[in-house]
Amino acid sequence: MAFSPLHDDWTVEAVSGPVPEGVVGRRVPATVPGQVHTDLLSAGLIIDPFDGDAESAQQWIGDTSWRFSTTFSWHDDGSVRHDLVALGLDTVATIELNGRVVARTENQHRSYRVDVREALVEGENALTVTFAAPVAEAEARAERHGALPHVNHHPFNMLRKQASSFGWDWGVDVAGAGIWRAIGLDAWSGVRIASVRPLVGVDQDTDQGTDAATGTLDVRVALEWDGVTTADQRVAVEVTSPEGDRVADASVEVTTGTADAALELVVPDARLWWPLGHGDQPLYAVSVTAAPAGDGEGGGAPDATTASWASRVGFRTVRVDTTPDADGTPFVVLVNERVVQVRGANWIPDHAFVTEIDRDRYRRRVADATEANMNLLRVWGGGIYESDDFYDACDEAGVLVWQDFLFACAAYAEEDWLAVEVEAEAREAITRLSPHPSLIIWNGNNENIWGFVDWGWKAELQGRTWGEGYYRELLPRLVAELDGTRAYSPGSPFSFGDPVQSYDDVHPNDHRHGTMHIWDVWNQRDYTAYRDYPARFVSEFGFQGPPAWSTLVGSVHDEPMDPYGHQMLVHQKADEGNLKLERGMRGHLPASATIEDWHWATQLNQAAAIRFGIEHFRSLAPLNTGTIVWQLNDDWPVTSWAAVDFAEHRKPLWFALRDCYAPRLATIQPRGDSLALVLLNDVDDAWAGDVVLRRTTFAGEVLDEVVLPGVVDARGSAELVVPPALVDALDPAAELLVALLPGFGSGRALWDAAEVVDQRLDPDPVTTEVVRDGDAWVVTVTARSYARDVTLLVDVVDPGATVDRGLVTLLTGESAAFRVTVVDGADAVDGAAFAGSGVLRHANGLLQAVAP
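How each quantity is defined
Residues numbered from 1 in each chain as written. Predicted model: local features only at pLDDT ≥ 70, side-chain atom pairs only at ≥ 80, totals over all residues. Heavy atoms only, no water. pLDDT = per-residue confidence, 0-100. Contact = heavy atoms within 4.5 Å. Helix = DSSP H or I, 4+ residues; strand = E, 2+ residues; numbered from the N terminus. Buried < 20%, exposed > 50% of the residue type's maximum accessible area, 1.4 Å probe, protein only. Polar contact = N/O pair within 3.5 Å; in protein donor to acceptor, adjacent residues only side chain to side chain. Axes fitted to C-alpha atoms, helices over the stretch in contact; angles between N-to-C directions. Parallel < 35°, antiparallel > 145°, perpendicular 65-115°, else oblique. Left-handed = near helix turned anticlockwise from the far one by under 90°. Nonpolar A, V, L, I, M, F, W, Y, C, P; charged D, E, K, R; others polar. Pairing = 2+ DSSP bridges. 1 Å grid on protein atoms, 1.4 Å probe; cavity = no way out; pocket = protein on both sides within 12 Å on 5 of 7 lines; lining within 4 Å. Points joined across faces, edges and corners; volume = space filled by probe spheres on them. Lys, Arg positive; Asp, Glu negative; His and termini not counted. Salt bridge = Lys/Arg side-chain N within 4 Å of Asp/Glu carboxyl O.

### Remarks on the confidence of the model for the protein chain
At step 1: Looking at the protein chain, pLDDT values average 96 and 97% of them are 70 or higher.
At step 2: Residue range residues 295-304 is modelled with pLDDT below 50. Its contacts to residues more than four positions away, or to other chains, number 15 contacts.

### Quick word on the environment of Asp-48
At step 1: The topology assignment puts Asp-48 in the loop between helix H1 (36-42) and helix H2 (54-57).
At step 2: For Asp-48, a relative accessible area of 37% puts it in the partly exposed group.
At step 3: Distance in space between the C-alpha atoms of Asp-48 and His-37 is 9.0 Å, their sequence separation being eleven residues.
At step 4: Ignoring any residue separated from it by four or fewer positions in sequence, one finds Asp-48 in contact with Leu-41, Ala-54 and Gln-58.
At step 5: In terms of polar contacts, Asp-48 uses its side chain to reach the backbone amide nitrogen of Phe-50, at 2.9 Å.

### Comments concerning the packing of helix H14 (residues 595-619) against helix H15 (residues 652-660)
At step 1: Close contact between H14 and H15 brings their axes to 8 Å; oriented N to C, the two are set at 20°. Looking at the two axes, H14 sits roughly parallel to H15. As for the relative orientation of H14 and H15, their crossing is right-handed in sense. Between H14 and H15, the contacting residues are Trp-600, Gln-603, Gln-606, Ala-607, Ile-610, Arg-611, Ile-614, Glu-615 and Arg-618 on the first element and Pro-652, Leu-653, Ala-656, Leu-657 and Cys-660 on the second.
At step 2: Here the contact of H14 with H15 is built from residues that sort into nine nonpolar, two polar and three charged.

### Some details on H15
At step 1: The buried count for H15 comes to seven of nine residues, which makes it a mostly enclosed element.
At step 2: Restricting attention to buried positions, one finds in H15 the residues Pro-652, Leu-653, Trp-654, Phe-655, Ala-656, Leu-657 and Cys-660.
At step 3: Each element contacted by the buried residues of H15 is listed here: helix H4 (359-370), H14, strand E30 (626-629), strand E31 (664-671) and strand E41 (802-803).

### Quick notes on the pairing of strand E38 (residues 766-773)
At step 1: Where E38 and strand E39 (residues 776-783) come together, eight bridges link them in antiparallel fashion. Following the sheet pairing, Glu-769 is matched in E39 by Thr-780.
At step 2: The loop that links E38 with its antiparallel partner E39 comprises two residues; one of these, Gly-774, has a positive phi angle of about 65°.

### Some words on the sheet that holds strand E13 (residues 191-202)
At step 1: One open sheet holds the three strands; their spatial order is E13-E14-E17, and the pairing between them is antiparallel. Both outer strands of the open sheet, E13 and strand E17 (260-271), are each paired with one neighbouring strand and no more. Within the sheet, the average angular offset between the axes of one strand and its neighbour, ignoring direction, is 20°.
At step 2: Examined bridge by bridge, strand E14 (residues 212-225) and E17 share ten bridges and lie antiparallel to one another. Among the inter-strand pairings, Ala-222 is bridged to a residue of E17, identified as Asp-260.

### Describing empty space enclosed by the protein
At step 1: Taken as a whole and assessed by the stated rule, the structure comprises four cavities of 30 Å³ or more.
At step 2: In terms of lining residues, the largest cavity is bounded by Gln-35, His-37, Asp-90, Gln-108, Lys-161, Gln-162, Ser-165, Val-174, Gly-176, Ala-177, Ala-352 and Phe-353.
At step 3: Of the residues belonging to the lining of the largest cavity, the class tally is four nonpolar, six polar and two charged.

### Overview of the side chain of Asp-795
At step 1: By the secondary structure assignment, Asp-795 is in the loop between strand E40 (787-792) and E41.
At step 2: Of the side chains bearing the opposite charge, Arg-841 lies closest to the buried Asp-795, which forms no salt bridge; the N-O distance is 11 Å.
At step 3: In this view, Asp-795 contacts Ala-548, Trp-549, Ser-550 and His-649; residues no more than four positions away in its chain are not counted.

### A short note on the pattern of salt bridges
Once the charged atoms of two side chains with opposite charge are near each other, the side chains can pair.
At step 1: If you walk through the whole model with that rule in mind, you get 57 salt bridges.
At step 2: Two residues, Asp-682 and Arg-343, come together in a salt bridge whose shortest N-O distance is 2.5 Å. Of this pair, Asp-682 sits in the loop between strand E32 (674-681) and strand E33 (687-697) while Arg-343 sits in strand E23 (residues 342-347), and the two are 339 residues apart along the sequence. Each of the two residues, Asp-682 as well as Arg-343, counts as buried.
At step 3: Salt-bridge contacts for Arg-841 lead to Asp-597; the nearest nitrogen and oxygen are separated by 2.5 Å.

### Digging into the sheet that holds strand E10 (residues 123-131)
At step 1: Pairing within the open sheet is antiparallel, and its six strands lie in the order E3-E2-E4-E10-E7-E8. For this open sheet the edge positions go to strand E3 (27-30) and strand E8 (100-106), each flanked by a neighbour on one side alone. Along the sheet, successive strands turn relative to each other by an average axial angle of 25°, direction set aside.
At step 2: By the bridge criterion, six bridges tie strand E7 (residues 92-97) to E8 in an arrangement that is antiparallel. By the bridge assignment for E8, Leu-97 is matched with Arg-100.

### Focus on the layout of surface pockets
At step 1: Computed from the structure, the second largest pocket encloses a volume of approximately 1,200 Å³.
At step 2: Forming the walls of the second largest pocket are 46 residues, and the residues nearest its centre are Arg-611, Glu-615, Leu-750, Asp-789 and Thr-809.
At step 3: Every element with two or more residues in the lining of the second largest pocket is listed here: H14, H15, E31, strand E37 (748-752), E40, strand E42 (808-810) and strand E43 (815-821).

As structure tokens, then:
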């Protein structure tokens, strides 16, 4: 059996549409896998689609039909079947081989396989793939079938195509076409392994702290026969330990034409797979083969072929507890029957042109998550089912994956013209991703149930289908049929309860029940309103901030730079986004005098908002069992909710997330008329020690001090009431409350009784020293007085520079060392620049000098 990629010598040309004169009739080299935008860019026919206002000038690409063509040499090797296999076509396409139509496709999210032996010729063959114009096709289907409610400007819900490629409130509109995954010829005889679902189980109880159990593996093998062979086949499975030792094997003989084989294996003393922070991530190799039984007599030469499949699994159990309790309905994730406090982020495609995402880029993003103390990524429903490279990285890092089915912010028809594709893609996705232990939850959709209830869809739909049948019937049935080892949620947000209840009885976005999205904060309300929500589980919430300075000025060229400049607003997709940034700072930070101050202040406010929200939600544990911030990453240079920008710079928000997602967190929170110190201890060890509470001035003078005993259980939380005398005496403008907890997390918690704008902070509170340390520069910052959120914006000096910490608040007399690494080495820059104006920033510096 042999799969031969057909990735060479492709060209692309415009077939019809509003094609510019310089492109008409041009046939240019095409990269496969790839996308038409990147081919046009490589050919010099367009500028960088992310630069300036190129987006609007290039809208013609999505209104144009494109033809990809290649030739290849083929010679009959005697195989019975010669299949053309396309793992990803974007999207509505006609495939022709030697002028003969061999397939028509209309779903980016699935693969296609067709026997083309009759169309092949000895020697040179011509293959073309012609794509319909995606925007025009979506609009035509809306006209044909009737438009359905959706967000944004294109009817993306008419096609099974990545929704965000049509633009989103953080994404560029670059709907295009292309052969986006591998394509090739698969020559085979006898039997082919069509798919494998290696479903894991754990047979014995897994008590807290248990790292091994009896693992079970239920291997479901789908077989396809060539229609000629008469030889029975032996299907064999072998399991290998992480150390390379064979630990289990089994085989079964199947007769000709058998479509499915099932093998059950037992792995004694299997090491359990755990999420990050709970244990290790041992991965067991699983290999499956299908070969003629016995000596293969009776089937002829083609039966001598062996089919094979290989992947990895991790032994673990998964459950989501939504049993109603006195407070409503929880959403508790359990892995190996251990409660996992979710500290997560939402994931979008990491590049607007998804073929530009390689294995290393996936791994860098997953590292951004783990190094920020995250243990879950939610793959959002407006993107794609990601490459196995993504899930492999999560498997190895212990990052749990919540996978949305690909439905987002729209109504979707349930009639056959769309439903047949929905079922086909769901079956393929569930099957393909079944080996990955990191994948724990399948989720029906993003915000569509909420949209049906609250966004005025009912009047527009007038009784038509909108997707509910997918979320409540089809998808849960397919998950149960194909992979019952994972949990299923109908949607996000979703209020779990009696399934016969209507959405009028239990609102889908009720903070008391299940999962919640909080978007009135950011869109209408100040971020302090997060405290209005004692939410059980928050699966979306976020606050915007611009990308790193070098990322911003690398794509925005307004003269002068201005928050409301034309190109700046091209790179701000949220409705009234920069107005909301401005409003969101009111009462927290002073108005900005320069574009540089605006950039720093909006980044700082983004971090402050999310830090505020997460510390509130975490402080509610065990009532609250998780937060998934919107969002980890960007797909182009843009002002957005991301913690890591498109150029892979970690924004100040990332450093805030690393701190407030720490397994051990101390936070001071309002409780009634006073304050409480809340200890979150998401580790396996209990903690006990003295807690020192101090009221201090910004100059460092200790005005009062109380020592309290602190105790918190392993994987537990505790609250210590702050003595009212400490709180009542605070001068909000000149004093703060400090809690010192040596050996617990960062060792302290701070309470500012006033916002920056209302504090008498020294606008120049620090001194610096810069020294070289090998290939890095170390900037030591020392506080002369209270200095809030000290940060080095190192990319201002060198876009390739990175720094190991940020948002460091210093009490008077304290010092912090920032290690700066430069891609080209320390000699490439003057280290003093990293302590210079516009690079060394803090909240204090946003204030004008005030009298003492």
